[in-house]
Amino acid sequence: MMTNRFSKHKKAIATAAAAALLSSIALPAQAATPASALVMAWNIDAISTFDPAQVGEVVTNELLQNTCDSLVDFDPKNESKVVPLLAKSWDVSEDRKQITFHLNEGLKFPSGETATAKELAWSMQRVVALGYGNAATLTEYGFNKDNVKDRIVAKDDNTLVLTLDNPYPTNLILQAIGANRVSALLDQATLTKNEVNGDFGNKYLATNTACVGPYKLAQWNAGESIVLQANEDYYGEAPKLKRVLIRHVAEPGTQRLLLQQGDVDIARDLSPDDLADLDGKPGLKVERVLKPQLFFWTFNALDPVFKDEKVRLAMRYLIDYNGLGQSVMKYLGVPRASFAQLGATGALDAEEGQPFKLDIEKAKALLTEAGYANGFEANVLIGTLPHSAPIAQSIQQNASKVGVKLNLERMANAQLFARIRGREFQTGMLAWQTGVPDAHGNASRLVYNPDNRPEAKLTQIPAWRSAYQNEEFNARVKEALLEGDPAKRNEIYSKLQKDVMEKGPMAIMFQMYNILGMSDKVQNWTWNGFRVYYDLASK
Amino acid sequence: MADLTHSVPRSDAGNRTKPNPVLVVLSILGKTLLPVFVTLFGLAALTFFIGRMLPIDPVASILGDNATQEAYEKMSAALGMDKPLWYQFGVYVKGILSFDFGDALTTGKPVIDDIARVFPATIELATLSIIIGTGFGIPAGVLSAMYRNSWLDNAIRFTGLIGYSAPNFWLGLMGLVLFYATLGWIGGPGRIDFIYEFDIEPITGFYLIDTAIVGNWEVFRNVFGHIILPASILGFGALAYISRMTRSFMIEQLSQEYIVTARVKGLSWARTVWIHAFRNVAVQVMTVVALSYAFLLEGAVLTETVFAWPGFGRYLTNALLVGDMNAVVGCSLLVGVIFVTLNLICDLLYRVFDPRTR
């Protein structure tokens, strides 16, 4: 009976099976990227605006660097050196308080209009007027809403004069302001035309770029893709590749598949496991460069336990720098204990900048000296960075050997930042990135704390978040900043780094890589810790 | 979510005086729409207050780690976050009434524009998925019930179990490895190959329809090659649910006496099953399908992530992660509207298909 009934439905079942097969008809896969374009898979979720005055995250920063030229540029081969860009040359006054930039001729906006020093002065004043986070780049060196119009002046169409309040090292100013997005040259006419409620065109720049650069933003589908198109009348050397296509792919595994299939040339967010697996595979290569980002374990100096610098030093001896560096961090970064990142002016070299190693005995001795022979219990806040948990667990294990019980508390990054900024933590792990290849960049944030009172709310300064203030360190940071002799300056930083490693409020653990997987068809991929040069890449 | 149980309207046969038709219409509208508004208002209030109470700092996620306190406070004020909660909610509700859901923090654009951008991608995927899920799920469920405990029934139930229990995330990656990376049968992640991406003129936002309208079959094939795998995987999940429910509804019907009567009358087995028994469960199956469709429309975040599908689920999840509450509340309201609307449509279909409610 059953078989009989069943046979009547054979046809239906066969049809269903055929339909199932048909629905997966073989379709040819596209397996090559265009020769004139660079195709990248990248998680571009963080993009929310292209306004150089507002942008504060790495993806848009990289895109802006390739669409909006700044006054000067980082040397591709040596990030601490500065080379001409919009400005072909510059003079420095004797007292080092005035820099006169001579701009290239023939600068043109994508609209076809001529770009001059006047628009550049306006663009830089605009950053201060708008007052987003990036304004700090300028206000830190004495520019403010009241004086910026007198201190950033276009003398004529090709000359821009910057007047400083102090004799800062010129190279630092060139790095911090000249090579930064705050000196991007914006199309004043277009932005003024599109102004909404006196926003200097901020709304317009949420979805457009309007500056002088090798590429221009041709298309942006939020959460989907970006197309950069080479600018026809760029004043500099024309980019080798006509277009840069960026496809939003959030999942690293998917990026890997796309790269292996040849559907993208570059995958930007591969996991360490994928990188290890792809490294050395035919047709592919892994490229890496150290970026100015440090991953550290920060201690709250208001905490009765961690206010003791001996305890903080003991914690440093519980970190297995080498073991972690060769395992978890192999494709993520290198061990680094100094606040000045490798590649920065004034930074200790790799060996001197990381003198620590896992030493349980030493940690135990230090804790005993501090009065914690039997250890203590403490919380460690960690975010969702993939390496946070394994590093914290490794330290937790080592700490248990000296009686220190560390409780790991994992949370969303936004929550972690809020806790740390609000000083509501005992210890926590997070990353910090500086904007200048100079020891001052981090000295001014990770060491210098001008006002430790809670109501000062210097939340942008990690040293303040750790409630750590050392007047002597403060004085040395200031002294180094204004020291005119580079050799003496390096000397101050060298000593400061060594002292801060022993006493500072955070155990710096790793300097991170910028790392990616790439098809070997891509040639001349050029980058350093501060900049990726799309225009130099070729295929 | 909204209540999916449906009551059969009581007969008004005893009522002799004819009521005022305007009043009748008003009362029907009131009965249907009032609960809808109350539901949506409750949803908005709940999401809004929960969102504001979460220990997530949206200002820090916009401004980044380097921002000064001054910039922080300025942004906080610009977002209205320095005002009391009830005031913020009032402003929000006032905005909603004029279809202004505020600007999303992450994209800087109005939430409504963002949703208009991401939702078509999800509707397209969900619709194809539900077609696959229903197209295979109902026949599979009916066959399973007909040949209860046979090898066919076991095979269908086992397949359903996989669809039920295997994570879509894993199925998606495995599917990509097999069909895209190894066999090269289908297009990779994303809605379309990059080279075609800017060939599409957005008309409806549904790529399959947009390419079909202009007759660009080359691009249509490409789009189809991209959507078929995620749609099949989501459809597989729906299939598992639909076939299981259909099976149990049908088993109940097939054990009824009227089936025996029909067979005794000499009706063929197939006719008895499809014309008599299935018709009786059609309404219940419809509810199951509608519910599955609603879940698919919410956006499948993991599948969307694996397939780099720029859809609603990923948008909502991203918004949640950075504490972009305007986007979260806007999206939650949309999900609410979807459920309520599908519920209403179900109600209407009941009246059409179920003779008892006529």
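Residues numbered from 1 in each chain as written. Chains lettered and ligands numbered in written order. Predicted model: local features only at pLDDT ≥ 70, side-chain atom pairs only at ≥ 80, totals over all residues.

Chain B is annotated in an unreviewed UniProt entry as Peptide/nickel transport system permease protein from Neorhizobium huautlense. A UniProt comment under Sequence similarities (unreviewed entry) is attached to chain B, and it reads "Belongs to the binding-protein-dependent transport system permease family." According to UniProt, the comment filed for chain B under the heading Subcellular location (unreviewed entry) is "Cell membrane". (UniProt positions renumbered as here; feature names shortened; annotations may be inferred.)

The name recorded for chain A in an unreviewed UniProt entry is Peptide/nickel transport system substrate-binding protein, from Neorhizobium huautlense. Annotation of chain A in UniProt includes, under Subcellular location (unreviewed entry), the sentence "Periplasm". Recorded in UniProt for chain A, the comment headed Sequence similarities (unreviewed entry) runs: "Belongs to the bacterial solute-binding protein 5 family."

(A) Spatial organisation of the confidence of the model for chain A. Mean pLDDT for chain A: 90, with 94% of residues reaching 70 or above. In this model, residues 16–30 of chain A is a region of pLDDT below 50 whose contacts with residues beyond four sequence positions or in other chains number 21 contacts. (pLDDT = per-residue confidence, 0-100. Contact = placed C-beta atoms within 7 Å.)

(B) Up close: the UniProt feature "domain: Solute-binding protein family" (unreviewed entry) in chain A. Under the present numbering, the feature "domain: Solute-binding protein family" (unreviewed entry) in UniProt falls on residues 81–449 of chain A. End-to-end, the C-alpha atoms of residues 81–449 of chain A are 28 Å apart, and along that stretch the chain is 30% helix and 23% strand. (Helix = DSSP H or I, 4+ residues; strand = E, 2+ residues; numbered from the N terminus.)

(C) Quick look at the interface of chain A and chain B. Counting residues at the interface gives 53 residues for chain A and 58 residues for chain B. Broken down by secondary-structure element, the contributors of at least two residues to the side of chain A that touches chain B are α1 (2–8), α2 (10–22), β10 (243–248), α9 (252–261) and α15 (413–421) of chain A. Broken down by element, the residue count for the side of chain A that touches chain B peaks at six residues, all from α9 of chain A. Considered class by class, the residues forming the side of chain A that touches chain B number 23 nonpolar, 20 polar and 10 charged. (Nonpolar A, V, L, I, M, F, W, Y, C, P; charged D, E, K, R; others polar.)

(D) Focus on the packing of helix α1 (residues 21–53) of chain B against helix α15 (residues 325–353) of chain B. All names here are of chain B. As a packed pair, α1 and α15 sit with axes 9 Å apart at the nearest point and diverge in direction by 155 degrees. Accordingly, the angle class assigned to the pair α1 and α15 is roughly antiparallel. Read as a crossing pair, α1 and α15 show a hand that is right-handed. For the pair formed by α1 and α15, the contact residues are T32, V36, T39, L40, L43, A44, T47, F48, G51 and R52 on the first element and M325, V328, V329, S332, L333, G336, V337, V340 and L344 on the second. Considering only residue class, the contact of α1 with α15 consists of 12 nonpolar, six polar and one charged. (Axes fitted to C-alpha atoms, helices over the stretch in contact; angles between N-to-C directions. Parallel < 35°, antiparallel > 145°, perpendicular 65-115°, else oblique. Left-handed = near helix turned anticlockwise from the far one by under 90°.)

(E) Structural detail: the UniProt feature "domain: ABC transmembrane type-1" (unreviewed entry) in chain B. UniProt feature "domain: ABC transmembrane type-1" (unreviewed entry): in the numbering of this structure it lies at residues 119–350 of chain B. Measuring from the first to the last C-alpha atom of residues 119–350 of chain B gives 28 Å, for a span that is 81% helix and 0% strand.

(F) Region of interest: the environment of A166 of chain B. All names here are of chain B. For A166, the position within the fold is in the loop between α6 (151–165) and α7 (168–182). The exposure class assigned to A166 is partly exposed, which follows from the 15 C-beta atoms found within 10 Å. For the pair formed by A166 and R271, sequence separation is 105 residues and the distance between their alpha carbons is 35 Å. (Buried ≥ 20, exposed ≤ 12 C-beta atoms within 10 Å, placed from the backbone.)

(G) The sheet that holds strand β6 (residues 152–156) of chain A, seen in detail. Residues and elements named next belong to chain A. Sheet architecture is open: four strands sit in the order β4-β5-β7-β6, paired in antiparallel fashion. Looking along the sheet, the strands with just one partner apiece sit at the ends: β4 (87–92) and β6. Sheet twist, expressed as the mean angle between neighbouring strand axes with direction ignored, is 25 degrees. The pairing of β6 with strand β7 (residues 159–163) spans four bridges and is antiparallel. Across the sheet, the residue bridging to A154 is L160, located in β7. Sheet contacts for helix α4 (residues 117–130): β5 (98–103), β6 and β7; angle to β6, the most-contacted strand, approximately 175 degrees. (Pairing = 2+ DSSP bridges.)

(H) Highlighting the environment of I112 of chain B. Residues and elements named next belong to chain B. Relative to the helices and strands, I112 is located in helix α5 (residues 111–146). Counting along the chain gives 117 residues from I112 to L229, while the straight-line C-alpha distance between them is 29 Å. With residues up to four places along the chain from it excluded, the contact list for I112 reads F99, F101 and G330.

(I) Inspection of helix α16 (residues 439–447) of chain A at higher detail. Residue and element names in this part refer to chain A. Across the nine residues of α16, nine count as buried, placing the element largely inside the fold. Taken residue by residue, α16 has A439, H440, G441, N442, A443, S444, R445, L446 and V447 as its buried positions. On its buried side, α16 packs onto α7 (170–178), β16 (427–433), α17 (462–465), α18 (471–482), α19 (486–503) and β17 (506–519).

(J) Representation of unusual backbone geometry within the structure. All names here are of chain A. Residues other than glycine seldom take positive phi values, yet F200 does so here, at roughly 55 degrees. With respect to the helices and strands, the residue F200 is situated in the loop between α8 (188–193) and β8 (215–221). Positioned with a positive phi, K457 is a non-glycine residue whose angle comes to about 50 degrees. Relative to the helices and strands, K457 is located in the loop between α16 and α17.

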